[in-house]
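# Observations on chain architecture
Given next are the chains, with one letter for each unit.
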Amino acid sequence: MGMISRCAHQLLRFGWLQARCCAFAFALVGGIAVSRLLPDDLPIARYDVVLVYGILLAVLARKVGWDSARDTAVIAGCHLIGLFFELVKVRMGSWSYPEEALTKVAGVPLYGGFLYAAVGSYVCRAWHLFELRLDGYRPRIMTALAGAVYLNFFSHHWLPDLRWALAALLLCATARTFVRYRVGAHSYRMPLALSFVLIGFFLWVAENIATYAGAWSYPDQLGGWQPVSVAKVGAWALLITVTFVLAAGQRRQTPRPA
């Protein structure tokens, strides 16, 4: 019973740390969900309200110490990368933002980048709270592959889709790469590739919640909400490499204490 109790305690502690890592994402998606309850006759569009809310949330996260200055830079980078991603994908008809707003550019509300910023916040918070360390990480190869993954999400509209080839290359590049993390006094390790898959799965769950809350809509959801295709788990598992490489690069540039 002692071992079961210790395992249960560690599991609860792990869950609590994960919840803290997701604080920004929880607050953002929660705010989007609550915005659906706003009256229709407001003088400001719902998307514009969400943008202001997202900015205030980011400022609050910095003020209360959720994010360091370097974390904020990574999160801002994720926001810009995500916003460009949204602009291209919406133009190609992959999904849409059907409501009107003043802060809409080429069919994309500017708050759209916050959804990717939330992923960046999660990775940065996890690095702090779990005291992440990488064994066998190949920064140059991973940067090149993450860039290729990002470009492929655009180019597959005109050129052959290389996601399976890129997934295979990522598996090779991370074959002996492990993430070490701490939960309380205990250290654990996990294959980096497995962490990408797990994060991809939970991002797919979050995407279902976000589309249900009206953050955006896929073409097959315009007539009424339905679950997001499970194939998006793989897409998110690939796309998370972009955020991870940004965060890992920031950690390598952080000066070590003397």
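Before going into details, it helps to say that this report is about the structure given with it. Just so it is clear, the structure is predicted and the values come from calculations on it, not from any experiment. (Residues numbered from 1 in each chain as written. Predicted model: local features only at pLDDT ≥ 70, side-chain atom pairs only at ≥ 80, totals over all residues. Heavy atoms only, no water.)

## Observations concerning the overall build of the chain
Of regular secondary structure, the chain possesses 9 helices and 5 strands. Rg of the C-alpha trace for the chain: 19 Å, near the compact-globule value of 18 Å for 258 residues, within the 12% margin. C-alpha extents for the chain along the principal axes are approximately 55 × 45 × 45 Å. A total of 258 residues make up the chain; the buried ones form 43% of that total. A fraction of 74% describes how many contacts in the chain between residues 6 or more apart in sequence connect residues 24 or more apart. Roughly 14200 Å² of accessible area belongs to the chain as shown, and the carbon and sulfur atoms make up 69% of that amount. In the chain, 24 side chains carry a positive charge and 13 a negative one; their mean positions are 16 Å apart. (Helix = DSSP H or I, 4+ residues; strand = E, 2+ residues; numbered from the N terminus. Rg over C-alpha atoms; globule rule 2.2 N^0.38 Å. Buried < 20%, exposed > 50% of the residue type's maximum accessible area, 1.4 Å probe, protein only. Contact = heavy atoms within 4.5 Å. Areas by Shrake-Rupley, 256 points an atom, 1.4 Å probe, with all protein chains shown as cover. Lys, Arg positive; Asp, Glu negative; His and termini not counted. Charge placed at Lys NZ, Arg CZ, Asp CG, Glu CD.)

## Points about the side chain of Thr174
Mapped onto the elements of the fold, Thr174 is located in the loop between helix H7 (163-173) and strand S4 (178-183). The contacts of Thr174, once residues within four sequence positions are left out, are Arg138, Met142, Leu192 and Ala193.

## Some points on the nonpolar core
With 71 residues, the main nonpolar core has Leu28, Phe85, Tyr97, Tyr111, Phe130 and Leu239 as its most contacted residues. By residue number, the principal contributor to this core is helix H5 (residues 113-129), which donates 12 residues. Ignoring sequence-local partners within four residues, the contact set of Leu239 consists of Phe85, Tyr116, Val149, Tyr150 and Phe153. (Core = buried A, V, L, I, M, F, W, Y, C linked by side-chain atoms within 4.5 Å.)

## Some points on the packing of helix H2 (residues 23-35) against H5
Two packed helices can be described by the angle between their axes and the distance between those axes. H5 packs onto H2 with a crossing angle of 155° between their chain directions and a minimal axis gap of 8 Å. Judged on the interaxial angle alone, H5 and H2 are roughly antiparallel. Here Phe24, Ala25, Leu28 and Ile32 of H2 come into contact with H5, specifically with Phe114, Leu115, Ala118 and Ser121. Of the residues contributing to the contact of H2 with H5, the split by class is 7 nonpolar, 1 polar and no charged. (Axes fitted to C-alpha atoms, helices over the stretch in contact; angles between N-to-C directions. Parallel < 35°, antiparallel > 145°, perpendicular 65-115°, else oblique. Nonpolar A, V, L, I, M, F, W, Y, C, P; charged D, E, K, R; others polar.)

## Points about the pattern of salt bridges
Scanning all chains against the criterion turns up 4 salt bridges. Where Arg46 meets Glu99, a salt bridge forms, and the shortest distance between an N and an O atom there is 2.7 Å. Note that Arg46 is positioned in helix H3 (residues 46-63) and Glu99 in the loop between helix H4 (69-91) and strand S1 (104-105), a separation of 53 residues in sequence. Overall, Arg46 belongs to the buried group, its relative accessible area being 10%. Overall, Glu99 belongs to the partly exposed group, its relative accessible area being 28%. (Salt bridge = Lys/Arg side-chain N within 4 Å of Asp/Glu carboxyl O.)

## Focus: the packing of aromatic side chains
Applying the stated criterion across every chain yields a total of 19 aromatic pairs. With a centroid separation of 5.4 Å and an interplanar angle of 80°, the aromatic rings of Phe196 and Phe244 are classed as edge-to-face. On the criterion of sequence distance, the pair formed by Phe196 in helix H8 (residues 192-212) and Phe244 in helix H9 (residues 232-253) is long-range, its members being 48 residues apart. For the pair formed by Phe196 and Phe244, the shared burial category is buried. Seen in terms of ring centroids, Phe201 and Trp204 are 5.9 Å apart; in terms of plane orientation they differ by 40°. Their pairing is tilted. (Phe/Tyr/Trp six-rings, centres within 6.5 Å; stacked < 30°, edge-to-face > 60°.)

## A word on the packing of H2 against H3
Axis separation between H2 and H3 bottoms out at 10 Å; the angle between their running directions is 155°. Comparing their axes, H3 and H2 come out roughly antiparallel. Once H2 is placed against H3, the crossing between them reads as right-handed. On H3, the residues that touch Phe24, Ala27, Leu28, Gly31, Ile32 and Ser35 of H2 are Arg46, Val50, Tyr53, Gly54, Leu57, Ala58 and Ala61. (Left-handed = near helix turned anticlockwise from the far one by under 90°.)

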